[in-house]
Each structure stands twice: as structure tokens, then as C-alpha cells.
Amino acid sequence: MLAMETTVDRAKEMAAQRSLEFIRDGMVVGMGSGTTATHFIKLLGARVKQGLKVRGIPSSRASDELARSLGIPVIDFHSATQIDVTIDGADEVTHKLDLIKGGGGALLREKIVASASKLFVIVADSRKLVDRLGKFPLPVEVIQLAAPLVAKKLEAVGVHPAVRKTAAGEDYITDEGNLILDCACGEIDNPQKLAAEIRAMVGVVEHGLFLGMANVALIATETDVKELAR
Ligand code: 5RP
């Protein structure tokens, strides 16, 4: 790893480490996706090995597989309809704790898991903290058939979508079998309005604006972790 990547990864791990303070014996825990959430799942797995009793609900296939491999008991919403606390990463976080998520492609399940959580805690390195959302392209998950129709509607509301590709140049397909349109927005003046406009487009499954959902953000540099609360 390059020095800069090591520094960022260290910050991600510190945020994940701090988030363990929110976990108690007997809890149902939402487990997010991405590199920061992966740190969290690994640390949680270590606690489970030491005797912590929790059950986890993962927000992606990758997190599901990782949790199982570490011996964390994995359940779904048939076993519990409420999550005590979810720990997840984000691509952008404002000081009001509005978020852009979905850089890792798991926004749909992440939003479902977050919506079922009593407490939703974001773990992120300090590069993610922004004054206004929109520098990071906004992911919008769409039914494959509808992608060209939704793309046209997105252009009409002033954002510029591009179909997400894999490293091999193929269409990226989400865990639920959908496409992602990454939308270049520039700074978003009114995230609530944009969220409502996108949600109204037939064929959109979910978008990566998580507004008013997070309760706490643990924002880490290499040397310390700041706790922001809403
Ligand atoms: C995945 C996500 C991730 O939480 C987000 O992309 C942050 O990832 P990382 O912790 O790797 O920077 O929303 O859909």
C-alpha cells in the first residue's frame, strides 16, 4: 500500500474501532459494506470469538460472506424486524449527517438495513466530510430494462448519469440484479428535492441520498476520531 492509502486505511480502522462502543451483548447489529465497514466486521468477529453474543444482518453479499467466515451469526428480517445498531461507511457525510452512499454498489440493501435500525452509525475517514453533497457521483440503482428511460429523466433534472462498469468494462450488476447509474451532480443545492424527483422516476429502485437517517458519524483522521451527532 502507498503511504497515503495506509494513512486513510488507518483512519478507517480507527473509526471502525470506535464504533464497537455502540455494540452490546444480545444486540441485533446491521453490518454495512465497503472497506470501512469491512474493518468493523473484522473487529466484531474478533469480539464474537471472545464471547460477545450478537446476531448480524448484512447489507451485501460480500459482508454476509465475510461475517459468516468470521463466525458472526447471520440472520435476516424473518428473524428480527428491528436492528439495534447499524455500522456502515459513506461516500460523503455533511455536518448535518446527510449522506451519499452506494460507491460500493450496495445502496439498496444498505438503505433497507438503515431504515430498520434504531441507531445508524457512520464510520468514515475525514476525506468524506463535506459542506455540501454532490462532488461524489450520486449512485442510482435502476431496473435494467428502464435504464435508458431513467437516464433521460435524470438528464432532465440536471444530473448526468453514466452506467457503472466493472474493471473488465462490463455493466456492473448489483446483488439484486440491477444496474447503477452514477450521476455527476456538482454540489447539490436541494438534496430533498432531488431525492423526491429521482424517487418519482418509474424504474428507479433506490438512490444513494441518505437524508435524515444517520444518528452518529465517527469521522477519523490518522490520530483521532470525532463524533458528530444529529
Ligand atoms: C457501499 C457504500 C460504502 O459504505 C461507501 O462506498 C464507503 O466505502 P468505503 O468505506 O470503502 O470508503 O456505500 O455501497
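The rules we used
Every residue gets a number counted from 1 within its own chain, in the order that chain's sequence is written. In keeping with the predicted nature of the model, local features appear solely for residues at pLDDT of at least 70, side-chain atom pairs appear and are counted solely at 80 or more, and the whole-chain, interface and lining totals rest on all residues. Excluded from the side-chain calculation are hydrogens and water; included are all heavy atoms of the structure. We call a set of buried Ala, Val, Leu, Ile, Met, Phe, Trp, Tyr and Cys residues a nonpolar core when their side-chain atoms join them within 4.5 Å. Whether a residue is buried, partly exposed or exposed follows from its accessible area with a 1.4 Å probe, protein chains only, as a fraction of its type maximum: under 20%, in between, or over 50%, in that order. Secondary structure counts use DSSP, requiring at least four H or I residues in a row for a helix and at least two E residues in a row for a strand, with both numbered from the N terminus. Contacts are assigned to residue pairs with any non-hydrogen atoms lying within 4.5 Å of each other. Salt bridges are identified by distance alone: a Lys or Arg side-chain nitrogen within 4 Å of an Asp or Glu carboxyl oxygen. Pairing between strands requires that DSSP locate at least two bridges from one strand to the other. Axis definition: a line fitted to C-alpha atoms, over the contacting stretch in the case of helices. Angles run 0 to 180 degrees between N-to-C directions. Whether a residue is near a molecule or strand is decided by its heavy atoms; if any one of them lies within 4 Å of it, the residue is near. Polar contact criterion, stated in full: a pair of N or O atoms within 3.5 Å, where within protein one must be able to donate a hydrogen and the other to accept it, and residues adjacent in sequence count only if both atoms are side-chain atoms. Reported accessibility uses the Shrake-Rupley method at a 1.4 Å probe radius. Residues are deemed covered only where the shown protein chains occlude them. All amino acids are sorted into three groups, where Ala, Val, Leu, Ile, Met, Phe, Trp, Tyr, Cys and Pro are nonpolar, Asp, Glu, Lys and Arg are charged, and the leftover types, Gly among them, are polar. Take the number of residues in a helix, subtract one, and multiply by 1.5 Å to get its expected span. Here the aromatic set is Phe, Tyr and Trp, taking the six-membered ring for Trp, and pairing holds for ring centres within 6.5 Å; pairs whose planes are under 30 degrees apart are stacked, those over 60 apart are edge-to-face, and all others are tilted. Our definition puts a charge over a ring when NZ of Lys or CZ of Arg is within 6 Å of the ring centre and also within 35 degrees of the ring normal.

A. Here's a closer look at the nonpolar core. Counting 30 residues, the largest nonpolar core has I23, M31, F40 and L44 as the members making the most contacts within it. Secondary structure elements with two or more residues in this core: α1 (3-19), β1 (28-31), α2 (35-49), α3 (61-69), β3 (83-88), β6 (117-125) and β13 (216-220). No other element matches the 5 residues that α2 contributes to this core. With residues up to four places along the chain from it excluded, the contact list for I23 reads V29, F40, L44, L52, V54, V85 and I87. Core analysis: the next-biggest nonpolar cluster, separate from the first, contains 22 residues, V140, C183, C185 and L209 among them.

B. Structural context of the pattern of salt bridges. One pass over the structure, following the stated rule, counts 20 salt bridges. When the shortest N-O distance is used, the salt bridge between D64 and R68 registers 2.5 Å. Here D64 pairs with R68, and both are found in helix α3, just 4 residues apart, close to one helical turn. With a relative accessible area of 17%, D64 lands in the buried category. As a salt-bridge pair, E176 and R109 come within 3.0 Å of each other at their nearest N and O atoms. Of this pair, E176 sits in the loop between β9 (160-163) and β10 (179-184) while R109 is found in helix α4 (residues 107-115), placing the two residues 67 residues apart along the sequence. Overall, the relative accessible area of 22% leaves R109 in the partly exposed class. In this structure, a network of salt bridges that share partners links the residues R18, E21 and E227.

C. The arrangement of the sheet that holds strand β11 (residues 204-207) in detail. Spatial ordering of the open sheet is given by β9-β10-β8-β11, a layout of 4 strands whose pairing is antiparallel. Sheet topology places β9 and β11 at the edges, where each strand pairs with a single neighbour. For this sheet, the mean inter-axis angle between neighbouring strands, taken without regard to orientation, is 30 degrees. Note: strand β8 (residues 138-142) against β11, 3 bridges, orientation antiparallel. Bridge pairing in β11 places V142 opposite V204. Each of β8, β10 and β11 touches α4; the most contacted strand, β11, lies at about 65 degrees to it.

D. Region of interest: the site of the ligand. Looking at the ligand, there are 18 residues lining it, with T35, T36, D91, G102 and K128 nearest. Taking G102, its main chain carries an N or O atom lying 2.8 Å from an oxygen atom of the ligand. Considering the ligand on its own, with 370 Å² of exposed area, one finds that the protein chains cover 92% of that surface. Classifying every residue of the shell around the ligand by side-chain character gives 3 nonpolar, 9 polar and 6 charged.

E. Here's a closer look at the pairing of β1. What you see with β1 is no split at all: V28 and G30 on one side and V29 and M31 on the other are buried throughout. Across 4 bridges, β1 lies against strand β2 (residues 55-58) in parallel orientation. Across the sheet, V28 pairs through a bridge with R55, a residue of β2. Of the pairings in the sheet, the one linking β1 to β3 comprises 3 bridges and is parallel in character. Across the sheet, residue G30 finds its bridge partner in β3, namely T86.

F. Here's a closer look at the environment of T6. Among the structural elements, T6 can be located in helix α1. Along the sequence, T6 and E222 sit 216 residues apart, while their C-alpha atoms lie 9.4 Å from each other.

G. Spatial organisation of α2. In a regular helix each residue adds 1.5 Å, so 15 residues correspond to 21 Å; α2 covers 21 Å between its end C-alpha atoms and thus fits that length. Within the sequence span of α2, burial applies to T36, A37, H39, F40, I41, L43, L44, G45 and V48. Those residues of α2 that are buried are in contact with α1, β1, α3, β3 and β6. Where α2 terminates, the next one or two residues include G51, which has phi positive at roughly 120 degrees.

H. Quick look at the packing of aromatic side chains. This model, assessed by the stated rule, comprises 1 aromatic pair. Seen in terms of ring centroids, F120 and F210 are 6.5 Å apart; in terms of plane orientation they differ by 35 degrees. Their pairing is tilted. In this pair, F120 is assigned in strand β6 and F210 in strand β12 (residues 209-210), connecting sequence segments 90 residues apart. Looking at F120, the relative accessible area reads 1%, which means it is buried. If you follow K101 out to its NZ or CZ, it ends over the ring of F210, 5.7 Å from the centre. Positioned above the aromatic ring of F210 is the side chain of K111, whose terminal nitrogen or guanidinium carbon lies 4.9 Å from the ring centre.

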